Amino acid sequence: MPDRFCVRKWTLVALLAVSAGGAQAEDDPPDPSKEEVFLECAEGWECALVLDNGKTGIWTVDAFNVFPQYGTPEIIGLDDEGRCHVMIGYSGKWTDKEVIHDGAWLGGLSFGDIDPRIEGPELYTGGQKGHLYQVNGYKEGVLDCRLISILPGREIHTIVAEDLDGTKPGRELLVFTRPGGIFSLSPTGEHGRFVTEQILEVDGRVRDAQVLPAPDGAPKEIATVSRNGRLEILRFQDGEPKFETIYEAPMGLGRIEMSERSTIQHVVLYSSHDDGRILRHERAGRRAWTTECIYYGPQGARGIATGVFSTGDQETVVVFGYSGRVEMLTRQASGWKRELIFEDRDKGHWLKAIEVDGRNTTREIVGSGYGGRIFLLKRPPGYGFSEETPSEPVHAPEMKPETEPSEKTGRAKEPAPPKGAAAQPASLRIAVRANPDQLERLTPLSYSGGFQTKTAVYETLVRRADDGSIIPALARTWRFEDQGRALILELDEAAHYHDGTPVTSQSVVWHLRRWVGLPEHSWLGLADRVRSVDIAGASAVRLTLDRPWAALADLCAINPAAVQGPGALDGEGKFVRPIGSGPFRYLGSEGAISRYEEMASERVLEMHSVDSAEEAMELLESGEIDLVYDGWYELVPREVARRYARDIAWQVRAVPGSSVFYLSFGGEVDRETRRAIARAVDRGALIRDVELGYADATSSWAARALTTWPRSRYEGEAPKRMKSDVTLTLIVDEANERRVALAESLRDQLAGVVTLKVAPLSAKDLGNRVRQGDYDIRIERTWGSPYDPELSLRARFLPPPSLPNASSERFFGVDPRLTELVAISQGIVDDAARHQVYRQIQDFLDAEAVIVPLYSPQRLMIARLGVPLPRLGTDLYRADFDVHSGDPECPTLETEHESDSNESIEAVEGHCTPLLLTPGALILKIVV
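Owing to the predicted nature of the structure, the values given are computational and were not obtained by experimental measurement.

## Concerning the overall build of the chain
A tally of helices and strands in the chain yields 16 helices and 49 strands. For the chain, long-range pairs separated by at least 24 residues make up 60% of all intrachain contacts whose partners lie at least 6 apart in sequence. Accessible surface for the chain amounts to roughly 36800 Å². Of this, 48% is attributable to carbon and sulfur atoms.

Quick look at the structure:
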């Protein structure tokens, strides 16, 4: 017996005995094809050997009915030498039928009815050489295989067999490769040959995928996990694959598994981190995905299996990885309980929950890894049966909430936190910029009361995703008709207002008619474009427009587009109380404090209205609030965030923002001078000196996080010194210390390119100078999401409405060619066609240097240690309090700043970007 294994045996003597496979003499190895071979495992379990492959690792394992004439599914294993093992079970014995000898590892594995010429489903596999095979089992007990595709220079890691693309007949294979690519294969060629088409090139390597539940005939969604640390949802829209990132961290994700209890309305996924964390992701109804860490395990977490493995109705997950240990995690009221049930002789790689033993009421677990073995973990015969137990076990009970539903809301309460985590407070206290005198009259039809408060209470019909795309909110789907002159929105039939009344087409039409056509709302182009708002069915609304208009961007605006419920008004149409359908119900206010109840959990959110960042930080220091974060108004000063980051009693977080600081020019500054300034600006130095590292550089109109906007041709280019012998004046608000610091940093940086004089002015004088065009350069800032990129673009480059409205005038010094391009783009309702015009707009900005984008400030958050943190995205109004990021999803990051690059600071996109910043620290995207 090897010494290494002896040490392991004595270390674990209290839990496990040494594996029986390891205890066998080398000249007398166990043979599971002749008899049932047991391995030692924890009490209450049995472990049987399915295959001993010697020193050849087995990477992927699963179970399918390859031979339909047999009652028991076959266990499939793929090994390091390119062999596919089909293990046939019979009375505890397992016979290995090898098929395929590719000579290099096989990894991807799927089973589905893809080929219409073959009765029943087929097995598909591929691996390191890029060879994709089809394997078929016949009633005669024989297997055959054929090579159906070769992907030169590509490793095949993941395969999905399903009807995924509604534009193609029948089912197809989706193959994920390294280098990152997605290929679609369908048996539509001549004589049933498979046609291979690359449909996308992607970042990272997709290691695993799960097809999510969907209504009959509806497009399927695929959840994928990648080496680049992303959990993404892949959908096909009109035949085009689209990814939505629902979680991201600077650490690779290994496997993904879906709960057997998942339904169309309630999906639970589990994923493994390379660093040993096990995450739980949940989507209930229309709510956004939430993520929690349920286990901090050994490095190298890989396999995950979920199902019913014990009596009772607890949620259970089994994990396996480089530690070689199979551990079961069971959710209890106090947190997640861990139980060691087996240890293999080497590192683990794969787990699956299967059903191959009817003598108990639970699932079995099949695993494989570097040890070259396939093992089967199962409960003993009779486990779970009693006189009341039905003769057939039931393995997937209906999905239930983690706790009983609230009597008030009928929705599930917040699930219990992981064991050892900070207890959830009964209320969470935060600071917001809001007028306390207007909180009881909180309505989207008035421009007062606070953006964050309204976003908590009200929902828009559509909203912005973190990448800037439009996604469903109260409207599930939408379509344009009459060449873009009509917009039909299908509402979510499950949506309700806070008073319990349903969100109907009638109530939405009633709200829309209260603001369209009014001059105060004409800063939204849609307000002037709508000719009628009509009911188009029990759950559909039709907006008829006077011309084609890209209306969805307007409908993301909280004021006035967020929908107010009819219960907000009395019988005479007077406002009575805030009633919306958002995540929080308004409870009331007293002085500067307003209270909101979270509909999903009944937790209370206290919002303390403040006038300034200084006041917010004073409340945090004094213990009167728990959390401060940036929204439309920034409440966390950069220097304060850096100071707090050094104190272990505080949590400091930062995520990519969406607004952009940029330079604008007066009409007398010539093109060559503008271009010289644009090329000479060192954005990394500005971020270091002015933002203390809390920003992301951009040369484009929109922030990098808003990937729906095309990037500048100069993005990432190092500064170039182009001499221009001119003297220019940069006017700036003297009361805005941050902009004054930015102006002075630009002056020093551009010395030798232009002579820049900084002129601090009062707000009144600054406004007059701008309106008169009496300036050379000024500093502006886009509005950020949900307005960017489209609405800020309109406000800056299209003429303002003729009547006074809620938006400030921003149309100064615009090239008419640019105005024409922007006007054209707003009349295009097709996303692809409109984005082509956006490409022309960005190219025009690059060529003419009409403006010079500098950087996008990040959103900062400070909380005392132990306080659950919300998820901050690029929408400056939103904070998702259903997602408590904290340390489980956010490891800290420290590094040094490099200032010699124009784009030396890169946005870290995704779930959250935790920071523990030293002075001048740099935020980097890390790919491990």
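## What to know about the packing of helix α14 (residues 816-826) against helix α15 (residues 831-848)
Their axes nearest at 9 Å, the elements α14 and α15 cross at an angle of 165°. If you check the angle between α14 and α15, you find them roughly antiparallel. In this structure, the crossing between α14 and α15 has a hand that is left-handed. Residues Arg817, Leu818, Leu821, Val822, Ile824, Ser825 and Gln826 of α14 pack against Arg834, Val837, Tyr838, Gln840, Ile841, Phe844, Leu845 and Glu848 of α15. Taken together, the residues of the contact of α14 with α15 sort by class into nine nonpolar, three polar and three charged.

## Focus on helix α12 (residues 763-772)
Among the residues making up α12, those that are buried are Leu766, Gly767 and Val770. Down the axis of α12, the sector holding all buried residues measures 95°, keeping them to one side. Of the exposed residues in α12, the ones pointing more than 90 degrees away from its buried face are Lys764 and Gln772. Packing partners of the buried residues in α12 comprise β44 (727-733), β45 (755-761) and β46 (777-781). Positive backbone phi, approximately 75°, marks Gly773, located one or two places after α12.

## Describing unusual backbone geometry
The residue after Arg178, namely Pro179, is reached through a cis peptide bond having omega 0°. With respect to the secondary-structure elements, Pro179 resides in the loop between β12 (172-178) and β13 (181-186). Here Ser785 and Pro786 are connected by a cis peptide whose omega angle stands at 20°. When you line up the elements, Pro786 lands in the loop between β46 and α13 (790-797). Phi at Asp482 is positive, roughly 55°, even though this residue is not glycine.

## Things to note about the environment of Asp815
By the secondary structure assignment, Asp815 is in the loop between α13 and α14. Looking at Asp815, the relative accessible area reads 18%, which means it is buried. In terms of polar contacts, Asp815 uses its side chain to reach the backbone amide nitrogen of Arg817, at 2.8 Å.

## Side note on the sheet that holds strand β2 (residues 46-52)
Reading across from one edge, β1-β2-β29-β28-β27 is the order of the five strands in this open sheet, with antiparallel pairing throughout. Strand pairing shows two members of the sheet lacking a second neighbour, β1 (37-39) and β27 (348-354), which therefore form its edges. Here the average twist between neighbouring strands, direction ignored, is 30°. Taken together, the six bridges between β27 and strand β28 (residues 364-369) define a ladder with antiparallel strand orientation.

## Some words on the nonpolar core
Core analysis: the largest hydrophobic core is formed by 68 residues, its most contacted members being Leu461 and Leu555. Once residues within four sequence positions are removed from consideration, Leu555 is found in contact with Thr460, Leu461, Val462, Leu487, Leu489, Trp515, Leu526 and Ala561. Core analysis: the next-biggest nonpolar cluster, separate from the first, contains 31 residues, Ala678, Leu730, Val732 and Val852 among them.

## Side note on a negative patch on the surface
Taken together, the side chains of Glu614, Glu618, Glu639 and Glu737 define an acidic patch exposed on the protein surface. Structurally, Glu618 is set in helix α7 (residues 613-622).

## A look at the pattern of salt bridges
Counted under the stated rule, the structure contains 64 salt bridges. Note that Arg338 is salt-bridged to Glu327, the shortest N-O span being 2.7 Å. Taken together, the residues Arg338 in strand β26 (residues 335-343) and Glu327 in strand β25 (residues 325-332) connect sequence positions 11 residues apart. Because the salt bridges share partners, they merge into one network encompassing Asp630, Glu634, Arg638, Glu691, Arg738 and Arg781.

## Focus: the packing of aromatic side chains
For the structure on display, the rule yields 23 aromatic pairs. Ring centres 4.5 Å apart and planes at 10° place the aromatic pair Phe451 and Tyr877 in the stacked group. Linking Phe451 in helix α3 (residues 451-457) with Tyr877 in the loop between β48 (859-864) and α16 (886-889), this pair joins segments that are 426 residues apart in sequence. When the centroid spacing of 5.8 Å and the interplanar angle of 50° are considered together, the rings of Trp632 and Tyr877 count as tilted. Linking Trp632 in the loop between β40 (627-629) and α8 (638-645) with Tyr877 in the loop between β48 and α16, this pair joins segments that are 245 residues apart in sequence. The exposure class of Trp632 is partly exposed, given its relative accessible area of 28%. Pairwise contacts between aromatic rings join Phe451, Trp523, Trp632, Trp783, Tyr787 and Tyr877 into one cluster. Across from the ring centre of Tyr633, 4.1 Å away, lies the NZ or CZ of Arg433, which sits over that ring.

What counts as what
- Along each chain, the written sequence defines residue order, and numbers are assigned to residues from 1.
- Reporting of local features is limited, given that this is a predicted model, to residues whose pLDDT is at least 70; pairs of side-chain atoms are given and counted only at 80 or more, and all residues count toward the totals for whole chains, interfaces and linings.
- Excluding hydrogens and water, the side-chain figures rest on all heavy atoms present in the structure.
- Every helix listed is a DSSP run of H or I at least four residues long, and every strand listed is a run of E at least two residues long, numbered separately from the N terminus.
- Only heavy atoms enter the contact rule, under which two residues are in contact if any of them lie within 4.5 Å.
- What sets the accessible areas is the Shrake-Rupley method with a 1.4 Å probe; for residues, cover comes only from the shown protein chains.
- The axes used here are C-alpha line fits, helices contributing only the stretch in contact, and every angle between their N-to-C directions lies in the interval 0 to 180 degrees.
- For this classification, under 35 degrees means roughly parallel, over 145 means roughly antiparallel, 65 to 115 means roughly perpendicular, and everything else is oblique.
- A clockwise turn of the near helix away from the far one marks a right-handed crossing, whereas an anticlockwise turn of less than a right angle marks a left-handed crossing.
- Each residue gets one label: Ala, Val, Leu, Ile, Met, Phe, Trp, Tyr, Cys and Pro are nonpolar, Asp, Glu, Lys and Arg are charged, and the others, such as Gly, are polar.
- Throughout, exposure labels follow a simple rule: accessible area from a 1.4 Å probe, protein chains only, divided by the maximum for the residue type, with under 20% read as buried, over 50% as exposed, and the rest as partly exposed.
- This arc is built from the directions going out from the helix axis to the C-beta atoms.
- Under this definition, polar contacts are N or O atom pairs within 3.5 Å; protein pairs additionally need one hydrogen-donor-capable and one acceptor-capable atom, and for neighbouring residues in sequence, both atoms have to be side-chain atoms.
- Pairing between two strands is assigned when DSSP locates at least 2 bridges connecting them.
- Definition of nonpolar core: a set of buried residues of the types Ala, Val, Leu, Ile, Met, Phe, Trp, Tyr and Cys, connected through side-chain atoms within 4.5 Å.
- Only residues whose relative accessible area exceeds 30% and that take part in no salt bridge are eligible for patches, with like-charged residues grouped when within 9 Å of each other and nonpolar side chains (Val, Leu, Ile, Met, Phe, Trp, Tyr) grouped when within 5 Å.
- Any carboxyl oxygen of Asp or Glu within 4 Å of a side-chain nitrogen of Lys or Arg constitutes a salt bridge here.
- By the counting rule applied here, Lys and Arg register as positive and Asp and Glu as negative, while His and the ends of each chain are not counted.
- A charge is said to be at NZ when it belongs to Lys, at CZ for Arg, at CG for Asp and at CD for Glu.
- Note on ring pairs: Phe, Tyr and Trp rings are taken, using the six-membered ring of Trp, and paired if centres are within 6.5 Å. Classes follow the plane angle, with under 30 degrees stacked, over 60 edge-to-face and the rest tilted.
- In this analysis the charged atom, NZ for Lys or CZ for Arg, is taken to sit over a ring once it is within 6 Å of the ring centre and within 35 degrees of the ring normal.

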